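Results of the structural survey
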2 protein chains.
Amino acid sequence: MSLKHALLGVLAARPMSGYELSQFFDSSTGWVWSATHSQIYPLLGKMQAEGIVECENVIRGIKLNRKIYSVTPSGMAELLDWVSTAHPPSGSRDPLLTQALLFDMIEPEVAALILQNYISEQEYIARESRSHSEKLAAKNTPLLRERLKNRPPADHDRIARLKAHVFEGQAMMADARVNWARAELNLLMPNDTNNAPLPTALAAGR
Amino acid sequence: MSLKHALLGVLAARPMSGYELSQFFDSSTGWVWSATHSQIYPLLGKMQAEGIVECENVIRGIKLNRKIYSVTPSGMAELLDWVSTAHPPSGSRDPLLTQALLFDMIEPEVAALILQNYISEQEYIARESRSHSEKLAAKNTPLLRERLKNRPPADHDRIARLKAHVFEGQAMMADARVNWARAELNLLMPNDTNNAPLPTALAAGR
DNA sequence: GTAGTCATGTAAACTGTTACATGATTAT
DNA sequence: ATAATCATGTAACAGTTTACATGACTAC
């Protein structure tokens, strides 16, 4: 169960409420794992019952109650064990490639619209991921600053570079999808010069 | 629900039993969508109840019964509608990137083993996908040959190129993951020349 | 005969999505 | 006052995995 370990991983940086955790995982930041609050709240309860997190109630204002969760020693052990283990690959499931496998059934113009929409989405993901990667490289995100407080200063650069590289990886995947989709557009509509850059040889010949 | 449409997509090439469909989706071929027989059999029943597939019993040997499913006109309409629609991106969930986000917590040697294992898996996927892509480009797979029987010969080349490009896309994604993982290895163990090729400038200087 | 493949299913457990539900606090 | 955000949950449904279960056919 990856969400459990993703939650532990964030809580290891600092104790947090379910609400705050939801914000990390609600795909806002271009996070590598997404989940909704309706998944997170019950799971935090289960994790508390398992003894891998503990919970402190903090009152805000007059009545509003926040539950601040933190990782227990046993939770830390579980997290380190998960991070140290090679997990078997899960079955691949790519909705767009599945759809593209049937693009020969429909009008190329319709397929082109779907691809252009997809390209926009992936370009957005690439931009967001790269932006977050740069912030991490500059040790300029709130969570990373918290994390580094418990680490020797000599390690800070290396840790920041490693975290940044994960989001660079997310950006690289989005780039790869964009490149594939552009090539697919060219295959679908070889004569439409507006869809994508021409092959260099052809463009040079003009 | 993508599996439903993936099944329709395969059945559109030719009528098939649940068993045969399972073989396509059991991740054997490096298929773009994976599913197990325990998912496929009940779903085929539901699809029949919906009227998007119909079923013919065929006896093999003396008793062994096969249920051969085929797409109904209403199923074909549903499939074309799905293929023609841009679907919203689903939340991203990358177990390895999530794990890599915490690699600074463990020994680099342990992380390196996990990455090397991952690289092997992705290289295997890339090889399989490329091999399947080449077979498709050569119109040399049983299913594609069936599919082309219902299509004008003038379109055969284009259809084959489109199908092949989807698997080339799958290979490109695997390549991107391998490239990322090699770079991650270099970040983790910058002095270990065995993990990955040296940057060209450095290698040339020897 | 016996091992491998063909062929079809069910059941339980787990994971994820969407909708419903409620109330407090803060800024305008 | 009222809208946005803070804060926590539940319920129903949809989708996936793993294990259980059965029996026929084929090649050795």
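The structure presented is a predicted model; accordingly, all values stated were derived computationally and were not measured.

Reading the values: the criteria
- Residues numbered from 1 in each chain as written.
- Chains lettered and ligands numbered in written order.
- Predicted model: local features only at pLDDT ≥ 70, side-chain atom pairs only at ≥ 80, totals over all residues.
- Heavy atoms only, no water.
- Helix = DSSP H or I, 4+ residues; strand = E, 2+ residues; numbered from the N terminus.
- Rg over C-alpha atoms; globule rule 2.2 N^0.38 Å.
- Buried < 20%, exposed > 50% of the residue type's maximum accessible area, 1.4 Å probe, protein only.
- Contact = heavy atoms within 4.5 Å.
- Areas by Shrake-Rupley, 256 points an atom, 1.4 Å probe, with all protein chains shown as cover.
- Near = heavy atom within 4 Å.
- Polar contact = N/O pair within 3.5 Å; in protein donor to acceptor, adjacent residues only side chain to side chain.
- Nonpolar A, V, L, I, M, F, W, Y, C, P; charged D, E, K, R; others polar.
- Least-squares fit on C-alpha atoms with pLDDT ≥ 70 in both.
- Domains from an automatic or database assignment.
- Buried area = accessible area lost by both parts, 1.4 Å probe.
- Salt bridge = Lys/Arg side-chain N within 4 Å of Asp/Glu carboxyl O.
- Core = buried A, V, L, I, M, F, W, Y, C linked by side-chain atoms within 4.5 Å.

The next thing to look at is the overall build of chain A. Tallying secondary structure elements over chain A gives nine helices and three strands in all. Its helices and strands taken in sequence order, chain A reads α-β-α-α-β-β-α-α-α-α-α-α from the N to the C terminus. The C-alpha radius of gyration computed for chain A amounts to 22 Å, which surpasses the reference 17 Å derived for 206 residues by more than 25%, pointing to a less compact arrangement than a globule. With respect to the principal axes defined by its C-alpha atoms, chain A has extents near 65 × 40 × 40 Å. Burial statistics for chain A: of 206 residues in total, 46% are counted as buried. Partitioning the intrachain contacts of chain A with sequence separation of at least 6 by distance along the chain shows that 56% fall at a separation of at least 24. Approximately 10500 Å² of chain A is accessible, and the part contributed by carbon and sulfur atoms is 54%.

Looking now at the protein's contact with DNA strand C. Around DNA strand C, a shell composed of 23 residues is seen, among which Ser38, Ile62 and Lys63 of chain A together with Arg66 and Lys67 of chain B lie nearest. In the environment of DNA strand C, a phosphate oxygen lies 2.8 Å from a nitrogen or oxygen atom belonging to the side chain of Tyr19 of chain B. In this structure, a phosphate oxygen belonging to DNA strand C sits 2.9 Å away from a side-chain N or O atom of Arg93 of chain B. For the surface near DNA strand C, the secondary structure elements donating two or more residues are α3 (37–50) of chain A together with α2 (18–25), α3 (37–50) and β3 (64–71) of chain B. If one sorts the elements of the surface near DNA strand C by residue count, β3 of chain B sits on top with four residues. Among the residues making up the surface near DNA strand C, the classes are represented as seven nonpolar, 10 polar and six charged.

Of the two same-sequence chains, chain B is brought onto chain A (RMSD 0.1 Å, axial shift 0.0 Å) by a rotation of 180°. The relationship between the two copies is best expressed as a two-fold rotation axis. Both copies share a contact surface, since 100% of the interface residues of chain B are interface residues in chain A too.

What follows covers the domain arrangement of chain A. All names here are of chain A. On domain assignment, one finds that chain A holds domain 1 (3–83) and domain 2 (95–204). The C-alpha centroid of domain 2 is placed 29 Å from the C-alpha centroid of domain 1. Between domain 1 and domain 2 the total buried area reaches about 840 Å² when both faces are included, carbon and sulfur atoms providing 62% of it. Put simply, domain 1 and domain 2 have zero salt bridges between them. Scanning the region where domain 1 abuts domain 2 turns up one residue pair in polar contact (both at pLDDT 80 or more). The residue inventory of the side of domain 1 that touches domain 2, partitioned by class, reads six nonpolar, three polar and one charged.

Next up on the list: the nonpolar core. Residues Phe25 of chain A together with Phe25 of chain B are the most contacted members of the largest nonpolar core, which totals 115 residues. With 14 residues, helix α8 (residues 156–188) of chain A is the largest single contributor of residues to this core. The contacts of Phe25 of chain A, once residues within four sequence positions are left out, are Leu3, Ala6, Leu7, Val10, Trp31, Trp33, Ser34, Ala35 and Ile40 of chain A.

A few words on the interface of chain B and chain A. Counting from both sides, the interface comprises 61 residues of chain B and, opposite them, 61 residues of chain A. Two residues, Asp104 of chain B and Lys163 of chain A, come together in a salt bridge whose shortest N-O distance is 2.8 Å. Connecting chain B to chain A are 26 residue pairs in polar contact (both at pLDDT 80 or more). For the side of chain B that touches chain A, the elements supplying multiple residues, two or more each, are α1 (2–11), α4 (73–83), α5 (95–100), α6 (108–137) and α8 (156–188) of chain B. The element contributing the most residues to the side of chain B that touches chain A is α8 of chain B, with 20 residues. Grouping the constituent residues of the side of chain B that touches chain A by class yields 34 nonpolar, 16 polar and 11 charged.

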